[in-house]
Amino acid sequence: MHKFKNNTLTFWMFLAPVLFAFFMVVIIPFFVGAFYSLTDWNATARAGATLSFVGLQNFTDSFTDPAFIYSFGFTTIYTILNVMVINIVAIAVALAVTSKLRLRNAYRMGFFVPYLIGGLILGYLWQFIFNQAIPSIGESIGLFSALAEPDNYMLSRIPTSMIALVIVGSWQYAGYIMMIYVAAIEGVPQELYEAARIDGAGNWQQFRNITVPMIAQAFTITMFLTLVNSFKQFDVNYSLTAGGPATVFMDESIFGTELLAMNIYNTAFVGNDLAAGQARAVVFFVVIVAFSLIQVSYNKRKETEM
Amino acid sequence: MKKIVALTLSMLMVAGMAFASGAQEESGITLMQNKPEIDAMLQEYGAAWSEANGIDVTIKSVGGSSGTTLGQQLRADFAAGEMPDIFIIAGIEDYREWEGVILDVSDEQWVDDTSVAFTVDGDVYGYPVSIEGYGMAYNADILEAAGIDPATLTNLDAYRDAFETIDGMKDELGLDSVVSMAASADMGWVTAHHNFNALLSNGLPYGDTSVVEELQAGTVDQERLSQYADWVELLFDYADETVLTTGNYDDQVGAFATERAAFLHQGNWVDPNMESANADFPMGFAPHGSLERDTNGIFVSAPSFYVINSESANIEAAKQFLNDMVYTESGKDFVVNEAGMIPAFSAIDQSPSGQLSQSVQAWNAAGNVYSWNQYQFSGEFRDQTLAPIYNRFATEQIDKQEFMRLMTRAFENNAE
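Enquirer: Is there a simple way to explain the overall build of chain B in this structure?
Expert: Helix and strand content of chain B: 18 helices and 12 strands. For 416 residues, the compact-globule formula gives about 22 Å, and the C-alpha radius of gyration of chain B, at 24 Å, lands near that figure. Principal axes of the C-alpha set define a box for chain B whose edges measure 90 × 50 × 50 Å. Counting every position in chain B, which comprises 416 residues, the buried fraction comes to 56%. Counting every atom, chain B has about 17600 Å² of accessible surface; 47% of that belongs to carbon and sulfur.

Enquirer: For this particular structure, what's the right way to read the overall build of chain A?
Expert: From N to C terminus, chain A includes 13 helices and two strands. Projected onto its principal axes, the C-alpha positions of chain A cover 85 × 75 × 30 Å. Burial analysis of chain A (306 residues in total) assigns 41% to the buried set. The contacts of chain A with a sequence gap of at least 6 include a subset with a gap of at least 24, amounting to 70%. Carbon and sulfur atoms make up 70% of the accessible area of chain A, which amounts to about 16700 Å² in all.

Enquirer: Any chance you could explain helix H12 (residues 260-270) of chain A here in plain terms?
Expert: Residues lying three or four places apart along an α-helix face the same way, a consequence of the helix completing one turn every 3.6 residues. Of all 11 residues in H12 of chain A, eight are buried, a share of seventy percent or more. Taken together, the buried positions of H12 of chain A are occupied by Leu260, Ala261, Met262, Asn263, Ile264, Asn266, Thr267 and Ala268 of chain A. The elements touched by buried residues of H12 of chain A are helix H4 (66-98), helix H10 (216-231), helix H11 (235-240) and helix H13 (274-302) of chain A together with helix H17 (379-394) of chain B. In the stretch just after H12 of chain A, asparagine 272 of chain A is the one whose phi turns positive, near 60°.

Enquirer: How should the confidence of the model for chain B be read in this particular structure?
Expert: Parts of the prediction with low pLDDT should not have their coordinates interpreted in detail. Residue and element names in this part refer to chain B. Looking at chain B, the pLDDT average stands at 88 and 92% of residues meet or exceed 70. Counting interchain partners and residues more than four positions distant, the pLDDT-below-50 stretch residues 14-25 has zero contacts. What the predictor reports for the complex is a pTM of 0.83 with an ipTM of 0.84.

Enquirer: In this structure, what is going on with the side chain of glutamine 374 of chain B? I would like to understand it.
Expert: With respect to the helices and strands, the residue glutamine 374 of chain B is situated in the loop between strand S12 (369-370) and H17. Not counting chain neighbours up to four residues away, the residues in contact with glutamine 374 of chain B comprise Tyr134, His193, His194, Phe196, Asn197, Leu200 and Arg382 of chain B.

Enquirer: What is the right way to look at the interface of chain A and chain B in this model?
Expert: Interface size is commonly expressed as the accessible area that is lost once the parts come together. Facing 31 residues of chain A, the contacting portion of chain B comprises 27 residues. For the pair chain A and chain B, the summed buried surface comes to about 2400 Å²; carbon and sulfur atoms form 50% of the total. The tally of links from chain A across to chain B stands at three salt bridges. Where arginine 409 of chain B meets glutamate 252 of chain A, a salt bridge forms, and the shortest distance between an N and an O atom there is 3.7 Å. Taken together, the connections running from chain A to chain B amount to six residue pairs in polar contact (both at pLDDT 80 or more). Of all elements in the fold, only helix H6 (119-140), strand S1 (246-249), strand S2 (252-255) and H12 of chain A reach the threshold of two or more residues within the side of chain A that touches chain B.

Enquirer: Would you mind going over the pattern of salt bridges with me for this structure?
Expert: As a working rule, side chains carrying opposite charge can pair if their charged atoms are close by. All names here are of chain B. Across all of its chains, the model carries 17 salt bridges over all chains by this definition. With its nearest N and O atoms 3.9 Å apart, the salt bridge here joins lysine 60 to aspartate 77. Pair noted here: lysine 60 is in strand S2 (residues 57-61) and aspartate 77 is in helix H3 (residues 70-79), with a separation of 17 residues, a long-range link. Taking relative accessible area as the criterion, lysine 60 reaches 32% and is therefore assigned partly exposed. Aspartate 230 serves as the salt-bridge partner of lysine 400, at 3.1 Å between the closest nitrogen and oxygen. Remark: aspartate 230 occurs in helix H10 (residues 222-237) and lysine 400 occurs in helix H18 (residues 400-415); sequence separation between them is 170 residues.

Enquirer: I tried to follow the packing of helix H2 (residues 39-53) of chain B against helix H15 (residues 329-338) of chain B on my own but got confused; where do I start?
Expert: Helices that pack against each other are described as a pair by the angle of their axes relative to one another and the distance between those axes. All names here are of chain B. For the pair H2 and H15, interaxial distance at closest approach is 11 Å and the crossing angle is 170°. Looking at the two axes, H2 sits roughly antiparallel to H15. Listed contacts from H15 to Met41, Leu42 and Tyr45 of H2 are Ser330, Gly331, Phe334 and Glu338. A class-by-class count of the residues in the contact of H2 with H15 yields four nonpolar, two polar and one charged.

Enquirer: Whenever I open this one, the nonpolar core confuses me. Can you help?
Expert: Looking at soluble globular proteins, one finds that nonpolar side chains tend to be buried together. One finds Phe196 and Phe263 of chain B to be the most contacted residues of the largest nonpolar core, which totals 145 residues. In terms of residues, this core owes the most to one element, H10 of chain B, which gives eight residues. The residues touching phenylalanine 263 of chain B, leaving out its near neighbours within four places in the chain, are Met136, Ala137, Tyr138, Leu143, Leu153, Tyr159, Phe163, Ile166, Val178, Val179, Ser180 and Phe256 of chain B. Membership of the second largest hydrophobic core comes to 24 residues, among which are Val97, Ala174, Ile185 and Phe207 of chain A.

Enquirer: What am I meant to see in the packing of aromatic side chains here?
Expert: Residues and elements named next belong to chain B. Considering all chains together, one arrives at 58 aromatic pairs over all chains under this definition. When the ring of tyrosine 127 is compared with that of tyrosine 306, the centres are 5.8 Å apart and the planes differ by 40°; the resulting orientation is tilted. Here tyrosine 127 is found in strand S5 (residues 123-128), whereas its partner tyrosine 306 is found in strand S11 (residues 305-308), with 179 residues between them in sequence. With 5.3 Å between their ring centres and 50° between their planes, phenylalanine 163 and phenylalanine 263 make a pair best called tilted. Of this pair, phenylalanine 163 sits in helix H6 (residues 156-168) while phenylalanine 263 sits in strand S8 (residues 261-267), placing them 100 residues apart in sequence. The pair phenylalanine 163 / phenylalanine 263 is uniform in exposure class, with both members buried.

Enquirer: What am I meant to see in H4 of chain A here?
Expert: Look at H4 of chain A: 47 Å from first C-alpha to last across 33 residues, which is about the 48 Å you get at 1.5 Å a residue. The backbone nitrogen of alanine 67 of chain A lies 3.1 Å from a side-chain oxygen of the residue at the head of H4 of chain A, namely aspartate 65 of chain A.

Enquirer: Whenever I open this one, the pairing of S1 of chain A confuses me. Can you help?
Expert: If a strand is regular, its side chains alternate between the two faces of the sheet. All names here are of chain A. In terms of strand pairing, S1 meets S2 through four bridges, oriented antiparallel. Bridge pairing links alanine 246 to phenylalanine 255 in S2. Linking S1 to S2, which pair antiparallel, is a turn of two residues; within it methionine 250 sits at a positive phi near 50°.

Enquirer: Please explain the pairing of strand S10 (residues 298-301) of chain B as it appears in this structure.
Expert: Residue and element names in this part refer to chain B. With burial as the criterion, each face of S10 is covered, one bearing Ile298 and Val300 and the other bearing Phe299 and Ser301. Two elements, S10 and S12, share two bridges in a ladder whose sense is parallel. Bridging from a neighbouring strand, isoleucine 298 pairs with valine 369 of S12.

Conventions and cut-offs
- Residues numbered from 1 in each chain as written.
- Chains lettered and ligands numbered in written order.
- Predicted model: local features only at pLDDT ≥ 70, side-chain atom pairs only at ≥ 80, totals over all residues.
- Heavy atoms only, no water.
- Helix = DSSP H or I, 4+ residues; strand = E, 2+ residues; numbered from the N terminus.
- Rg over C-alpha atoms; globule rule 2.2 N^0.38 Å.
- Buried < 20%, exposed > 50% of the residue type's maximum accessible area, 1.4 Å probe, protein only.
- Areas by Shrake-Rupley, 256 points an atom, 1.4 Å probe, with all protein chains shown as cover.
- Contact = heavy atoms within 4.5 Å.
- pLDDT = per-residue confidence, 0-100.
- Buried area = accessible area lost by both parts, 1.4 Å probe.
- Salt bridge = Lys/Arg side-chain N within 4 Å of Asp/Glu carboxyl O.
- Polar contact = N/O pair within 3.5 Å; in protein donor to acceptor, adjacent residues only side chain to side chain.
- Axes fitted to C-alpha atoms, helices over the stretch in contact; angles between N-to-C directions.
- Parallel < 35°, antiparallel > 145°, perpendicular 65-115°, else oblique.
- Nonpolar A, V, L, I, M, F, W, Y, C, P; charged D, E, K, R; others polar.
- Core = buried A, V, L, I, M, F, W, Y, C linked by side-chain atoms within 4.5 Å.
- Phe/Tyr/Trp six-rings, centres within 6.5 Å; stacked < 30°, edge-to-face > 60°.
- Expected span 1.5 Å × (residues − 1).
- Pairing = 2+ DSSP bridges.

What follows is the structure in structure tokens.
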């Protein structure tokens with residue numbers, strides 16, 4: 001009995017710093033934030049003195065704001081594209097670097113390195129590629145002269161800007177997702193492949209019927225990570241397109257490539273309307289949780305127990 | 001066990017005393033400013049001043065192209081009870097936020113030596129940090145080669161002719177485009193702040209906010225707007241399309257610095273860029289041509305002001321620090337030569353070395369200046385409402401008529 005009490009004490013003592021940090025930086029700010037979303041908080045120095053409740057005003061305002069609705073739709077399309085591209089690329093390179101390729105460890109490292117570069121820097125780097133490098137290819141090689149046309153710049157049109165965002169997002173994140181797939185693929189017992197080969201299964205059949213079901217756990221994780229990360233994309237968006245070019249939606253001129261996170265940021269810190277930004281962040285949170293729950297429960301059902 | 005408890009307690013007490021004494025120590029002044037580019041010079045000047053006067057000076061610089069803004073830092077410091085003794089306000093919006101802690105400095109000596117101090121109802125509160133100005137920066141060599149006298153560029157028609165002439169000689173002059181203009185999403189401050197101000201203040205007496213007030217009431221003078229829209233269209237038409245629609249600050253300024261554009265729509269803050277690009281051709285500012293009638297002046301303002309914290313324990317030291325930047329040789333030297341700023345005080349007669357800064361100083365000395373009225377509109381209105389409209393105009397999604405309609409509607413919605 002005495003021993004048990006001691007253990008409990010030790011247990012809580014070890015846990016306390018983590019719990020404390022978790023409460024201070026996650027739980028409390030979350031509820032404070034949710035509270036602020038119901039007020040007219042606008043970042044004045046004496047916020048406490050003038051704060052008043054406005055009910056759901058911030059939420060209704062958000063849902064009638066064309067920029068917010070547009071960015072919701074834009075973010076959804078971006079997320080679908082990005083999740084697809086990242087996972088396809090990641091699984092392709094994962095298969096490549098787990099095959100008998102020479103220098104496969106060098107490739108693994110190469111694919112992973114972009115993940116270590118900050119998104120802001122990546123954005124500026126790729127902005128240079130899209131705005132300077134690609135057009136200069138067009139200028140110097142006659143065959144590709146169309147690339148040098150100002151109208152054909154990737155970042156000058158909304159659909160191509162979206163593709164540019166997906167390219168950069170995938171380039172950054174596919175290497176990380178690849179690592180998860182690599183770990184999963186290496187965990188698949190070789191006997192299964194041997195047995196399949198004896199039965200005459202081709203590469204595609206082996207992939208389809210052995211690899212995919214066997215790495216279903218990895219899919220649950222990678223889908224979750226890519227979904228949430230695409231939804232939360234901010235830094236690349238901020239540095240690569242800054243929201244441009246503009247477009248028209250519901251007869252309002254708005255920025256055409258503004259993802260949700262950036263819309264929230266702009267509402268809060270450019271528009272100085274912190275309460276409205278907070279309300280949007282709450283909506284954002286609810287949507288992410290809903291999407292991830294659906295996705296995780298769907299993927300869970302597909303997992304195979306060994 | 002007891003020993004450990006005693007030790008812990010005594011350590012806590014020592015720590016507590018250290019903190020307490022730290023809070024009581026209030027000799028010295030803290031200055032917070034928002035120009036990271038002059039941080040090193042200001043630190044050095046502050047240290048020298050501190051040595052000469054025996055008062056500690058702490059300089060904090062926040063802001064720049066990214067990260068925390070001065071306003072956010074001030075709010076945090078205010079909440080923490082660590083408000084600096086001298087800090088920066090940009091105008092009336094900031095003044096209203098900090099009104100409770102801003103000291104009335106009407107009796108200071110420097111007040112008589114400047115025309116751009118920050119005043120509210122006749123009382124002086126803000127010490128102008130420097131003067132900044134913008135207009136159409138021109139490359140004098142190119143204009144001369146094209147046979148254009150910059151002094152004639154004072155109205156829309158003059159610009160139309162000049163742009164057409166230069167455009168026709170582009171190959172001969174080695175230009176990509178006539179004017180270096182930017183309107184991409186992250187250059188909204190060029191269009192929806194600086195260029196927008198031409199609509200608000202061009203041709204009006206300094207400090208006249210009549211157009212601003214009309215627009216804020218939702219009344220739009222269509223004739224003035226139409227001429228302004230012509231001016232915007234002219235700039236967009238004669239700009240390099242890549243710089244205009246996808247370029248960033250470096251692209252825009254670079255095109256002018258490397259003599260690929262005859263005009264640049266920027267202000268004297270590009271002087272350091274010109275220096276680092278070794279652009280030593282003669283250059284200066286011409287007025288904006290946003291009206292059919294002559295407007296012979298550029299947009300000049302003191303965009304930020306030092307204010308003294310009225311709750312500071314060292315008000316006298318703070319006052320002296322600001323005064324010394326105007327009336328001591330080392331202070332003058334810091335402002336003009338070290339920081340390269342255009343002094344806002346007549347007591348400082350040196351000139352900064354940058355050509356565009358000198359041009360601003362000359363326009364200012366001649367009194368041919370128009371106000372910066374763009375800050376009378378909220379940042380949200382400029383960045384979120386107007387900037388996309390300019391961007392659509394620049395990318396030719398809309399024509400002049402539609403631009404005017406959208407601008408008019410934006411003002412009407414803003415007034416509601």
